[in-house]
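Given next are the chains, with one letter for each unit.
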Amino acid sequence: MRTASLALLLLAAGCATVGSVSSRPLGDGTGRSFTASLPDTRAALRIAFDSTGMGTKDSAQVNDSTLMIVGTQGLSAWSYGEVVRVVLVGRQDTADVRVITAKRLATTVFATGDWSTKLFKYMSAALAD
């Protein structure tokens, strides 16, 4: 019984949750700047989330120029899922975007691992329209 409890504790220690990813420093993650207003960038992020099948779990207005949105990529045959946090910081006519991806289960080998490339691609396309 003691071995099973220890194994469960070690397994849980490697799990990402919406809360654990949300609490990371806002400057963490892969970044990119877009020449667009904060509202336009947020709309493009919504399109990117929809395009990847990502569900929104949490959204917070950190301050007047900063938004944080946390989404999840669900279970698949190869992955237990991932938690993705996106921070949008608006500055005049530009928005800086930072993306962090964390596996829900640390031992998942086949998870995407970094959603920034796909999200940035869909956001670029949405902002170009």
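Conventions we followed
- Residues numbered from 1 in each chain as written.
- Predicted model: local features only at pLDDT ≥ 70, side-chain atom pairs only at ≥ 80, totals over all residues.
- Heavy atoms only, no water.
- Phe/Tyr/Trp six-rings, centres within 6.5 Å; stacked < 30°, edge-to-face > 60°.
- Helix = DSSP H or I, 4+ residues; strand = E, 2+ residues; numbered from the N terminus.
- Buried < 20%, exposed > 50% of the residue type's maximum accessible area, 1.4 Å probe, protein only.
- Lys NZ or Arg CZ within 6 Å of the ring centre and 35° of its normal.
- Pairing = 2+ DSSP bridges.

Enumeration over the complete set of coordinates arrives at one aromatic pair. Between Phe34 and Phe120, the ring centres sit 6.0 Å apart and the planes meet at 65°, which makes this aromatic pair edge-to-face. Note that Phe34 is positioned in strand β1 (residues 30–34) and Phe120 in helix α4 (residues 116–128), a separation of 86 residues in sequence. Residue classification places Phe120 among the buried positions, given a relative accessible area of 6%. Over the ring of Tyr122 we find Lys121; its NZ or CZ atom is 5.3 Å from the centre of that ring.

Right, let's talk about the pairing of strand β5 (residues 94–103) for a bit. Note: β1 against β5, five bridges, orientation antiparallel. By the bridge assignment, Ser33 is partnered in β5 with Asp96. Alignment of strand β4 (residues 82–91) against β5, held across 10 bridges, turns out to be antiparallel. Bridged to Val84 within β5 is Thr101. Remark: two residues form the turn of the hairpin made by β4 and β5, two consecutive strands paired antiparallel; Gln92 in that turn has positive phi of roughly 45°.

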